[in-house]
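Geometric and topological summary
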Amino acid sequence: MTTSRARRLPAARRRRQLLDVALEAFAAAGYHATSMDGIAEAAGVTKPVLYQHFGSKAELYRELIVAVGGDLLAAIAAAATAEEEPYRRVLAGFQAYFRFVGDQPAAFTLLFDGGARRTEEFAEAVRAAEARIAGTIATLIEVDIDPAHRELLAFGIVGLAETTSRLWLEHRASVPMTPAIGDPAGPGDCGGQEGELMAGRLADLVWAGLRALPPARPRR
């Protein structure tokens, strides 16, 4: 009965459902321990239905990396470009990042902490996702520096957010953060109060660094 109902879903909705189910499965157990049989069973479809949408487990995993990276990039870009004041752009970008991590920990785990970057088969897809995010951040850095410097800082900001988010997911249940002077009080929208605190603290750090940068020097 479940499979019969599942077959009546439109193709686009079925594909989205399969991606959502696979995301949770891969994030929980990792790539190698997750089977197409298990994904099909969790989605309430037969394995042939799953293979109609994805030709292999590797294809499904790679598409998830692209989809998750695109979702994160869209969230950051939409939040940051909605702000006109430079500091507010930095803060909004971090808020969007931690909102994504707090609301979709499985997506973050699959993209940045699920072993994909250590597997050559998927490392390139992860690097491409990081590069797209860094490229967008680079366009939002409004300081007088050369393009190579801007790109380097953008990748540094991505790495800062990734590393901090990984630590947060590992310890947020057992090591609660305490507000510092100037931190927003009360829960927010980006993964709760801790997400708000982290976004504000990293935004302050990055903004202080960007303001202190000397202007670009002409090349000799």
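Residues numbered from 1 in each chain as written. Predicted model: local features only at pLDDT ≥ 70, side-chain atom pairs only at ≥ 80, totals over all residues. Heavy atoms only, no water.

**Concerning the nonpolar core**
The following threshold applies: To form a nonpolar core, buried Ala, Val, Leu, Ile, Met, Phe, Trp, Tyr and Cys residues must be joined to one another through side-chain atoms within 4.5 Å. Exposed residues in this analysis have more than 50% of their type's maximum accessible area, buried residues have under 20%, and partly exposed residues fall in between, with area computed by a 1.4 Å probe over protein chains only. Segments assigned H or I by DSSP are reported as helices when at least four residues long, segments assigned E as strands when at least two residues long, and all are numbered from the N terminus. The criterion used for residue contact is that any of the two residues' heavy atoms lie within 4.5 Å.
Counting residues in hydrophobic clusters, the biggest one holds 60 residues, and the most contacted among them are F26 and F94. Counting residues per element, this core draws most heavily on helix α5 (residues 57–81), which supplies 9 residues. Those residues in contact with F94 that sit more than four places away from it in its chain are I157, L160, A161, A199, L202, A203 and V206.

**Let's talk about the packing of aromatic side chains**
Aromatic rings considered in pairs are described by the distance between their centres and by the relative angle of their planes. Just so we agree on the cut-off: Each Phe, Tyr or Trp ring (for Trp, its six-membered ring) is paired with any other whose centre lies within 6.5 Å, and the angle between the two planes then decides the class: stacked below 30 degrees, edge-to-face above 60, tilted in between.
Scanning the model with the defined rule gives 9 aromatic pairs in all. When the centroid spacing of 5.9 Å and the interplanar angle of 20° are considered together, the rings of F26 and Y31 count as stacked. Each member of the pair, F26 as well as Y31, carries the same accessibility label: buried. Ring centres 5.9 Å apart and planes at 70° place the aromatic pair Y97 and F98 in the edge-to-face group. Residue Y97 shares its accessibility class with F98, and that shared class is buried.

**Some details on the packing of helix α2 (residues 11–29) against helix α3 (residues 36–43)**
Rule in force here: Simply put, an axis is a line fit to the C-alpha atoms, just over the touching stretch for a helix, and the angle between two N-to-C directions goes from 0 to 180 degrees. Roughly parallel refers to an angle under 35 degrees, roughly antiparallel to one over 145, roughly perpendicular to one between 65 and 115, and oblique to any angle outside these ranges. Working rule for handedness: look at the near helix, and if it is turned counterclockwise from the far one by less than a right angle, call the crossing left-handed; if clockwise, right-handed. The nonpolar class holds Ala, Val, Leu, Ile, Met, Phe, Trp, Tyr, Cys and Pro. Asp, Glu, Lys and Arg form the charged class, and all remaining residues, Gly among them, are polar.
Two numbers describe how α2 lies on α3: the axes approach to 9 Å, and their chain directions differ by 120°. By the angle between their directions, the pair α2 and α3 is classed as oblique. As for the relative orientation of α2 and α3, their crossing is right-handed in sense. Facing α2, whose interface residues are R14, Q17, L18, V21, A22, A25 and F26, α3 presents I39, A42 and A43. Of the residues in the contact of α2 with α3, the class split is 8 nonpolar, 1 polar and 1 charged.

**Brief notes about the packing of α5 against helix α7 (residues 105–112)**
Running from amino to carboxyl end, α5 crosses α7 at an angle of 115°, the nearest separation of the two axes being 9 Å. With respect to the hand of their crossing, α5 and α7 are arranged in left-handed fashion. Of the residues in α7, those touching α5 at Y61, L64, I65, V68, G69 and L72 are A107, L110, L111 and F112. The class makeup of the residues in the contact of α5 with α7 is 9 nonpolar, 1 polar and no charged.

**What to know about the pattern of salt bridges**
We count it as follows: Salt bridge, as used here, is a side-chain nitrogen of Lys or Arg placed within 4 Å of a carboxyl oxygen of Asp or Glu.
Applying the stated rule across the entire model yields 6 salt bridges. For R89, the salt bridge identified is with E142, shortest N-O distance 3.2 Å. Residue R89 is located in helix α6 (residues 86–103), and its partner E142 is located in the loop between α8 (120–140) and α9 (147–171); the two are separated by 53 residues in the primary sequence. For R89, a relative accessible area of 19% corresponds to the buried category. For E142, a relative accessible area of 49% gives the class partly exposed. Residue E124 is joined to R127 by a salt bridge in which the shortest nitrogen-to-oxygen separation is 3.0 Å.

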